[in-house]
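Next come the chains, spelled out residue by residue.
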Amino acid sequence: EPMSVEHRFLGGFVWDGQSPDGYTKSLDTCTDNFHMDRTQITANQVVKAGVPILYTYDVMWQESPVAWSSRWDVYLNEDHMVPAQVHWYSITNSILVVLFLSLLVVSILV
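As the structure is a computational prediction, the values presented were derived from the model and not from experiment.

J.: Lay out the packing of aromatic side chains with the relevant residues and their values.
T.: Throughout the structure, instances matching the rule amount to three aromatic pairs. Measuring from centroid to centroid gives 5.2 Å for Phe9 and Phe13, while their planes differ by 90°, and the two rings are edge-to-face. We classify Phe9 as buried; its relative accessible area is 11%. On the basis of an interplanar angle of 75° and a centroid distance of 6.5 Å, the ring pair of Phe9 and Trp15 is categorised as edge-to-face. By relative accessible area, which is 23% here, Trp15 ends up partly exposed. The lysine or arginine in question, Lys25, covers the ring of Phe13, its NZ or CZ lying 5.2 Å from the ring centre. In this structure, Arg71 packs its charged tip against the face of Trp68, placed 4.1 Å from the ring centre.

Below, the structure is given as structure tokens:
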């Protein structure tokens, strides 16, 4: 059965899902500036229809030696990933498919 972390607000605050107070209140189950591991989950919430679930996330920033201006180079330069022969094969294959379908249409119309 689906499970989630049963989050609780500090001080027993109960959020209705609408008021803006829920966005600023701290959680008892998550601490600020600290990554929560699976072993630190104290209570599980069984996911059921009609039961509200409080979603949270955390981000762990890591410094990278890659310069900001060249961070996409690994994705844009495909020299090391795909050989040039594959591109020619794809182009040839596309041309042959277009020719075949054109001949098929011409043979049906004539």
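J.: Let's hear about the pattern of salt bridges: which residues, and what values?
T.: Scanning the model with the defined rule gives one salt bridge in all. The residue Arg8 makes a salt bridge to Asp28 at a minimum N-O spacing of 3.8 Å. Placement of the pair is Arg8 in the loop between β1 (3–5) and α1 (21–24) and Asp28 in the loop between α1 and β2 (44–46), with a sequence separation of 20 residues. Residue class for Arg8 comes out partly exposed when judged on its relative accessible area of 37%.

J.: Would you mind going over the side chain of Thr29 in detail, with residue names and values included?
T.: Structurally, the position occupied by Thr29 is in the loop between α1 and β2. We classify Thr29 as buried; its relative accessible area is 14%. Within the structure, Thr29 has its side chain in polar contact with the side chain of His7 (distance 2.7 Å). Those residues in contact with Thr29 that lie beyond four places of it in its chain are Glu6, His7, Arg8 and Met36.

J.: Summarise the side chain of His7; cite the residues concerned and give the values.
T.: One can find His7 in the loop between β1 and α1. A residue is classified by how much of its surface remains accessible, and His7, at 15% relative accessible area, is buried. Residues in contact with His7, not counting those within four places in the same chain, are Leu27, Thr29, Cys30, Leu54 and Thr56.

Basis of the calculations
- Residues numbered from 1 in each chain as written.
- Predicted model: local features only at pLDDT ≥ 70, side-chain atom pairs only at ≥ 80, totals over all residues.
- Heavy atoms only, no water.
- Phe/Tyr/Trp six-rings, centres within 6.5 Å; stacked < 30°, edge-to-face > 60°.
- Buried < 20%, exposed > 50% of the residue type's maximum accessible area, 1.4 Å probe, protein only.
- Lys NZ or Arg CZ within 6 Å of the ring centre and 35° of its normal.
- Salt bridge = Lys/Arg side-chain N within 4 Å of Asp/Glu carboxyl O.
- Helix = DSSP H or I, 4+ residues; strand = E, 2+ residues; numbered from the N terminus.
- Polar contact = N/O pair within 3.5 Å; in protein donor to acceptor, adjacent residues only side chain to side chain.
- Contact = heavy atoms within 4.5 Å.

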